[in-house]
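An overview of the molecular structure
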Amino acid sequence: FVPHSSEWKNELDKLSLKVVSYRGISFSRIEDGAIVGSRGFSDAAGGACWPDGYVDHYVGEHHVRASLRFQRYVQSFPLVEFQSAVDALLQACEAKRHHGQGFRASSKPSEHEP
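What comes next concerns the included structure. (Residues numbered from 1 in each chain as written. Predicted model: local features only at pLDDT ≥ 70, side-chain atom pairs only at ≥ 80, totals over all residues. Heavy atoms only, no water.)

**What about the packing of aromatic side chains?**
- Applying the stated criterion across every chain yields a total of seven aromatic pairs.
- A centroid spacing of 5.9 Å and a plane angle of 15 degrees characterise the contact between Phe-41 and Trp-50, whose relative ring orientation is stacked.
- Residue Trp-50 is classed as partly exposed on the basis of its relative accessible area of 22%.
- For the pair Tyr-73 and Phe-77, a centre-to-centre distance of 5.9 Å together with 70 degrees between the ring planes defines the contact as edge-to-face.
- Since its relative accessible area comes to 11%, Tyr-73 is described here as buried.
- Among the aromatic side chains, those forming a connected cluster through ring pairs are Phe-41, Trp-50, Tyr-54, Phe-70, Tyr-73, Phe-77 and Phe-82. (Phe/Tyr/Trp six-rings, centres within 6.5 Å; stacked < 30°, edge-to-face > 60°. Buried < 20%, exposed > 50% of the residue type's maximum accessible area, 1.4 Å probe, protein only.)

So this is what it looks like as structure tokens:
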């Protein structure tokens, strides 16, 4: 869950990675009956996207080789900057938790919140 203030949004925007969870499950396109997940991942800044289970199922179990474009994306991924953004979010979460402030999943209040 991500707190609902502009500083958090700024940190999230630095990441540019998005995770979308879908209802239901996704089956393998290679192996009948194998479930690979229900999420999709994308990086708008890097122009890349990949399905849940890509590394473990497709690459690990079926030796699918990533496209050259995706390999270049992975090799040039700004890991240090990504780690810094994640660390900043974790520190902010810990500070809010320490001060007893609550969290919301989005900036829109839920119908069930007081």
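Having seen it, we continue.
**Side note on the nonpolar core**
- One finds Val-36, Ala-48, Tyr-54, Tyr-58, Ala-66, Phe-70 and Tyr-73 forming the largest nonpolar core, which totals seven residues.
- Elements with a contribution of two residues or more to this core: helix 2 (54-61) and helix 3 (68-75).
- Residues in contact with Ala-48, not counting those within four places in the same chain, are Phe-41, Ser-42, Asp-43, Phe-70 and Tyr-73. (Core = buried A, V, L, I, M, F, W, Y, C linked by side-chain atoms within 4.5 Å. Helix = DSSP H or I, 4+ residues; strand = E, 2+ residues; numbered from the N terminus. Contact = heavy atoms within 4.5 Å.)

**Some details on a negative patch on the surface**
- On the surface, Glu-31, Asp-32, Asp-56 and Glu-61 cluster together into a patch of negative charge.
- Checked against the element boundaries, Glu-31 lands in the loop between strand 1 (17-27) and strand 2 (35-43).
- A relative accessible area of 31% means that Glu-31 is categorised as partly exposed. (Patch = residues over 30% accessible without salt bridge, like charges linked within 9 Å, V, L, I, M, F, W, Y side chains within 5 Å. Areas by Shrake-Rupley, 256 points an atom, 1.4 Å probe, with all protein chains shown as cover. Salt bridge = Lys/Arg side-chain N within 4 Å of Asp/Glu carboxyl O. Lys, Arg positive; Asp, Glu negative; His and termini not counted. Charge placed at Lys NZ, Arg CZ, Asp CG, Glu CD.)

**Observations regarding the side chain of Ser-28**
- Along the chain, Ser-28 falls in the loop between strand 1 and strand 2.
- Looking at Ser-28, its side chain comes within polar contact range of the main-chain nitrogen of Ile-30, at 2.9 Å.
- Those residues in contact with Ser-28 that lie beyond four places of it in its chain are Ala-34, Val-36, His-57 and Tyr-58. (Polar contact = N/O pair within 3.5 Å; in protein donor to acceptor, adjacent residues only side chain to side chain.)

**What to know about the sheet that holds strand 1**
- Read from one edge of the open sheet, three strands run 1-2-3, paired in antiparallel fashion. For this open sheet the edge positions go to strand 1 and strand 3 (48-51), each flanked by a neighbour on one side alone. Geometrically, the sheet is characterised by an average inter-axis angle of 15 degrees between neighbouring strands, direction not taken into account.
- Bridging between strand 1 and strand 2 involves seven bridges; their strand directions are antiparallel. Residue pairing in the sheet places Val-19 in a bridge with Phe-41 of strand 2. (Pairing = 2+ DSSP bridges. Axes fitted to C-alpha atoms, helices over the stretch in contact; angles between N-to-C directions.)

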